[in-house]
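Observations on the model geometry
As a plain string of letters, each chain reads:
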Amino acid sequence: MSKGLPKRSEDYSLWYNELVKRADLAENSPVRGCMVIKPYGYSIWEKMQAELDRMFKETGHTNAYFPLFIPKSYLSKEASHIEGFAKECAVVTHYRLKNSEDGKSVIVDPEAKLEEELIVRPTSETVIWSTYKNWIQSYRDLPLLINQWANVVRWEMRTRLFLRTTEFLWQEGHTAHATKQEAIDETIQMMNIYAGFAETFMALPVVKGVKSINERFAGAEDTYCIEALMQDGKALQAGTSHFLGQNFAKAFDVKFATKEGGLEYVWGTSWGASTRLMGALIMAHSDDNGLVLPPKLAPNQVVIVPIYKGEEELARISIKAREIITKLKAKGISVHFDNRDTHKPGWKFAEYELKGVPLRIAMGPRDLENNTIELARRDNLSKETVYLGEIILEEYISNLLDDIQESIYRKAFNFREKMTTEVNTWAEFEELLESKGGFLSAHWDGTSETEERIKELTKATIRCIPIDRKEEDGKCILTGNPSKGRVYFARAY
RNA sequence: CGGGGUGUAGCGUAGCCCGGUAUCGCGCCACAUUUGGGAUGUGGAGGUCGUAGGUUCGAAUCCUGCCACCCCGACCA
């Protein structure tokens, strides 16, 4: 195995693919488009899950689980929904295998054909709404605030580890409300939760916005999203929240008795974030030496590497290391002591850089003698020797971790600012998209045709209509027709 | 699914044009010396050459189908 990672500047895709594999995050599986999430990658996902789950529960949601299989007929009940997903559904047609004639293999038993085929869920709106019909009768049953952690399958043409896989893990929230406004508030609340999670935990600045009709979820009235910018200047949708109106309530006949004695359809929302967040995390911060993980999501925030000759020296360093570990753990800092004798310190340094551990402590005989440690930051690769005599180590490390979290965010934020450009002419739009990339803030006449045309011409799509954009009269970048405000264009993942 | 490329030991590769069962590096195992940025030496193990057929006395090499991966399109979180 060659030691260095491919350079981002030379081949960004190759760098990403290699990084995912070399950092032990994931690998390809025998099935096309599916991936094995390895223990290290999965433990990052678990940290994301834990935090999101906490945020959902804090806002009144509870978890449930709905089945993997959906009767084919359910999917067709909401017209635009089926239109959006039909082309990428895996279908179960049989329920039994049998030995082939020659006994050497197994074949699908033609006798065991299902009467109604089952769809492997691409998303669960349909099963869930068919269930909600039974759960909701009165305004007293509302709001219904449910989330599920699940796997879904979308048979994509082209896949990439984490960013787009045939099967992926996610959470999907599905809520039902008595009023339109309440449902809209819920939709916006969840977008804000995603944005807060991305910024606080992933150290990933995001743009909050609304999708154009073309980019909207199949079956939604409005799709809210958070959009992040990757280091190659391409945008990535990191979470979506949909206001479903009464579309699914009508499709599945979910009505409730109002306080006033009327009978009305409920208002729905759904919202999701997936293992794609892993891709965002990797691409947003990492460098040519490997992963850079924000301390709040790193499986190990600190690693201690002993430097020693012989058993006796290791034993003396270990005593000191144990003291440090005890202090750090008491402060809630996760720390790994790598006392393996099978690898040399230099090898370990490179390894933990590849894996993105935020802080590394090196301790050798010299440190023992001077009562010092060597501290190395992963984010900016700086090193310092710290004298333990005059600091409270756990405070010092804790502050340093906060500082790293903040610096990573700040760096990504500055990058995004630098890569967000206001453009006013079509020539400039085309030129900047090629030379610089990033978000292009431009006027758009609001029509699907224009958006479509721009996509054909440049591969750029409207990422979102920023939620906090200022109203301003202008002319559409392509058609020159009147526009009431700017939208963000970018090439996207 | 269309166009292009690749598939040889755990990983990365040479060999393929011009058929004679395989090269090198990393990793792995053993021993010794090493240990403050991916150690060195010596010895060793490991290969249905993606897969199924075909041509041939003989196929990694030539032909056909299939599969997977990568890049570029169409689709998408």
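The structure displayed is predicted, hence computed values, not measured ones. (Residues numbered from 1 in each chain as written. Chains lettered and ligands numbered in written order. Predicted model: local features only at pLDDT ≥ 70, side-chain atom pairs only at ≥ 80, totals over all residues. Heavy atoms only, no water.)

Here's the deal with a nonpolar patch on the surface
The test is simple: Only residues whose relative accessible area exceeds 30% and that form no salt bridge enter a patch; like-charged residues are grouped when within 9 Å of one another, and nonpolar side chains (Val, Leu, Ile, Met, Phe, Trp, Tyr) when within 5 Å. To be clear on the numbers: accessible area is Shrake-Rupley with a 1.4 Å probe, and residue cover counts the displayed protein chains and nothing else. Any Lys or Arg side-chain nitrogen located within 4 Å of an Asp or Glu carboxyl oxygen qualifies as a salt bridge. Secondary structure elements are taken from DSSP: a helix is a run of H or I of four residues or more, a strand is a run of E of two residues or more, and numbering for both begins at the N terminus.
Taken together, Leu97, Val106 and Val108 make up a surface patch of nonpolar side chains, about 280 Å² in accessible area. As for its position among the elements, Leu97 is in strand β6 (residues 97–99).

Comments concerning the domain arrangement of chain A
Defined as follows: Where each domain begins and ends is defined by an automated method or by a domain database. Residue contacts are counted whenever heavy atoms from the two residues lie within 4.5 Å of one another. By buried area we mean the combined loss of accessible area, with a 1.4 Å probe, across both parts when two parts are placed together. In protein, a polar contact means a hydrogen-donor-capable atom and an acceptor-capable atom, both N or O and within 3.5 Å, with residues adjacent in sequence counting only if both atoms are side-chain atoms; elsewhere, any N or O pair within 3.5 Å suffices. Polar here means any residue other than Ala, Val, Leu, Ile, Met, Phe, Trp, Tyr, Cys and Pro, which are nonpolar, and Asp, Glu, Lys and Arg, which are charged; Gly is therefore polar.
According to the domain assignment, chain A consists of domain 1 (12–285), domain 2 (302–400) and domain 3 (420–490). One C-alpha centre belongs to domain 1, the other to domain 3; they are set 29 Å apart. Contacts between domain 1 and domain 3 engage 18 residues on the former and 16 residues on the latter. Between domain 1 and domain 3, a total of about 1300 Å² is buried, with carbon and sulfur atoms accounting for 59% of that surface. Here domain 1 and domain 3 share two salt bridges between them. Among the ionic pairs, Glu215 bridges to Arg463, the shortest N-O distance being 3.6 Å. Across the domain 1-domain 3 interface, the total number found is eight residue pairs in polar contact (both at pLDDT 80 or more). Broken down by element, the side of domain 1 that touches domain 3 gets its largest block of residues, five residues, from strand β12 (residues 222–229). Here the residues of the side of domain 1 that touches domain 3 are counted per class, giving nine nonpolar, five polar and four charged.

Overview of the nonpolar core
The criterion, for reference: Here the nonpolar core consists of buried residues drawn from Ala, Val, Leu, Ile, Met, Phe, Trp, Tyr and Cys, with membership extended through side-chain atoms lying within 4.5 Å. Between buried and exposed lies partly exposed: a residue is buried under 20% and exposed over 50% of the maximum accessible area for its type, with that area taken using a 1.4 Å probe on protein chains only.
With 65 residues, the main nonpolar core has Leu25, Met48, Phe162, Met202, Leu204 and Met230 as its most contacted residues. At nine residues, helix α6 (residues 180–200) tops the list of elements feeding residues into this core. Domain assignment of the residues forming this core places at least three in each of domain 1 (12–285) and domain 2 (302–400).

Remarks on the pairing of strand β9 (residues 144–153)
Worth spelling out the cut-off: Strands qualify as paired when DSSP identifies two bridges or more between them.
Most of β9 is tucked away: nine of the ten residues are buried. Strand direction decides the pairing type here: β9 and strand β10 (residues 167–177), joined by ten bridges, are antiparallel. Each bridged residue has a counterpart across the sheet, and for Gln148 the counterpart in β10 is Glu172.

So, the environment of Ala412
Its location among the elements puts Ala412 in helix α12 (residues 393–418). Assessed through its relative accessible area of 13%, Ala412 is described here as buried. Apart from the residues lying within four places of it in its own chain, the contact partners of Ala412 are Ala203, Pro205 and His285.

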